[in-house]
Amino acid sequence: MTGISSAPEGGEDTGVRRIWGALGLPGLVDVHTHFMPPNVLRKVWAYFDALGEGVWPINPRYRVDQTERVALLRGFGVRAHTALSYPHRPDMATWLNAWSADYADRHPDALRSATFHPEPGAGDYVAEAIGSGARVFKAHLQVGGYDPRDPLLSEVWGALADSGTPVVVHCGSGPEPGNFTGPGPFEEVLREHPCLTAVIAHAGAPEYTAFLDLAERYDRVHLDTTMAFTPFTERRSPFPRAELPRLRALGHRVLLGSDFPNIPYRYLDQLRALTGLDLGDDWLRGVLHDNAAALFGLRARPDDPAPAPDTGRHHTERERWNSP
């Protein structure tokens, strides 16, 4: 990466801003951040604590109240972020969605987020959330412990595909495999709903190659960078260097994700890991900002008119089946 020193001066905020500033970007768009009801977030943090000392030590700078966490992202220059949450059982999704909608109403830099679980009525409340302005969904097959092929989710995937609404899907087998993780189950969903705008969380770790295959096979499949390529993840699930040319070629569908605030290192470390891949400034501009800005219809610069989001609505499920 040209014109950037790898050693930040002036603190983490300055180091983060130096990276995107040297690329001529107006800031960052982070598609994988977590804001959720305080009692739920406390349980998430307790889960990581229970893994044992030193296993997943969340950065204490980020383990603060919501107002401070939002301020941290803004201090890094994050122009837009998500508020991803995920139910681990039925009868959670609707109240999580209500909380997330209220959060987005109070934070103009938040992309209104929603989630779902395989349960009666899921198709209805997902359609309602889309109609009310939800811009991104989260599905966590590991935490939720559900099969993405569950018939109760058929209407959900169809509604997301028809509307072009992106869904961030944790379907890789990291950090621990689940009954329905790995590329196989979700590939069957894509086969049934090939127009689905799916963002594969963590670049599909540790099954990187198989999820690159899916991204090449389905042109609405994206990858997010959440925790990938960082020293923390490389020790456990190293990205195969032989796949870097494919990652470069798919650069227009790679999106910045961080897992903030639930990360055991600095936000800056994620960006330094991406610059360290040495895939070029154009690749970095797309990953750090431009790809997500296009996907969500964000202004390239604050004073620009807002473009239409890249929803792929011209490839809806209905049109696919009715096309000659």
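Look a little higher up for the structure.
Throughout what follows, the structure given in this document is the object of discussion. (Residues numbered from 1 in each chain as written. Predicted model: local features only at pLDDT ≥ 70, side-chain atom pairs only at ≥ 80, totals over all residues. Heavy atoms only, no water.)

A few points about the pairing of strand S6 (residues 167–170)
Residues Val-167 and Val-169 point to one face of S6 and Val-168 and His-170 to the other, with burial holding for every one of them. Inspection of the sheet shows strand S5 (residues 136–140) paired to S6 by four bridges, in the parallel sense. Paired with Lys-138 across the strands is Val-168, a residue of S6. Two strands pair when backbone bridges link them, and S6 and strand S7 (residues 198–200) are joined in this way by three bridges, in the parallel orientation. Looking at S7, one finds that Val-168 is bridged to Val-199. (Buried < 20%, exposed > 50% of the residue type's maximum accessible area, 1.4 Å probe, protein only. Helix = DSSP H or I, 4+ residues; strand = E, 2+ residues; numbered from the N terminus. Pairing = 2+ DSSP bridges.)

Side note on the sheet that holds strand S1 (residues 28–30)
Each strand in a sheet pairs with its neighbour through backbone hydrogen bonds, running either in the same direction (parallel) or in the opposite one (antiparallel). Taken together, the three strands give an open sheet; going across it, the order is S1-S2-S3, and neighbouring strands pair in parallel fashion. Each of the sheet's edge strands pairs with one partner strand only, and the pair in question is S1 and strand S3 (110–111). Here S1 runs beside strand S2 (residues 78–82); their pairing, made up of three bridges, is parallel. Note on S2: the bridge partner recorded for Asp-30 is His-81.

Topic: unusual backbone geometry
For the bond running from Ala-205 to Pro-206, omega is 0°, close enough to zero to count as cis. Looking at the secondary structure, you find Pro-206 in the loop between S7 and helix H9 (208–217). Looking along the chain, the bond that leaves Phe-260 and enters Pro-261 is cis, with omega of 5°. Structurally, the position occupied by Pro-261 is in the loop between strand S9 (254–255) and helix H12 (267–275).

Points about helix H2 (residues 38–50)
For H2, which comprises 13 residues, the first-to-last C-alpha distance of 18 Å matches the rise-based estimate of 18 Å (1.5 Å per residue) to within 8%. Buried residues along H2 sit against helix H3 (66–76) and helix H4 (93–106). Within two residues after H2, Gly-52 carries a phi angle of roughly 115°, on the positive side. (Expected span 1.5 Å × (residues − 1). Contact = heavy atoms within 4.5 Å.)

What about the side chain of Thr-226?
The residue Thr-226 is located in the loop between strand S8 (221–224) and helix H10 (231–234) in this model. One polar contact links Thr-226 to Asp-224, side chain to side chain, over a distance of 2.7 Å. (Polar contact = N/O pair within 3.5 Å; in protein donor to acceptor, adjacent residues only side chain to side chain.)

Things to note about the packing of aromatic side chains
Using the criterion set out here, one finds 16 aromatic pairs in the structure. Ring geometry for Phe-35 and Phe-260: centres 6.5 Å apart, planes at 40°, overall tilted. Placement of the pair is Phe-35 in the loop between S1 and H2 and Phe-260 in the loop between S9 and H12, with a sequence separation of 225 residues. A single burial state applies to Phe-35 and to Phe-260, both of which are buried. Taking the centre distance of 5.4 Å and the plane angle of 70° together, the rings of Tyr-47 and Phe-48 count as edge-to-face. Judged by relative accessible area, which is 12%, Phe-48 ranks as buried. (Phe/Tyr/Trp six-rings, centres within 6.5 Å; stacked < 30°, edge-to-face > 60°.)

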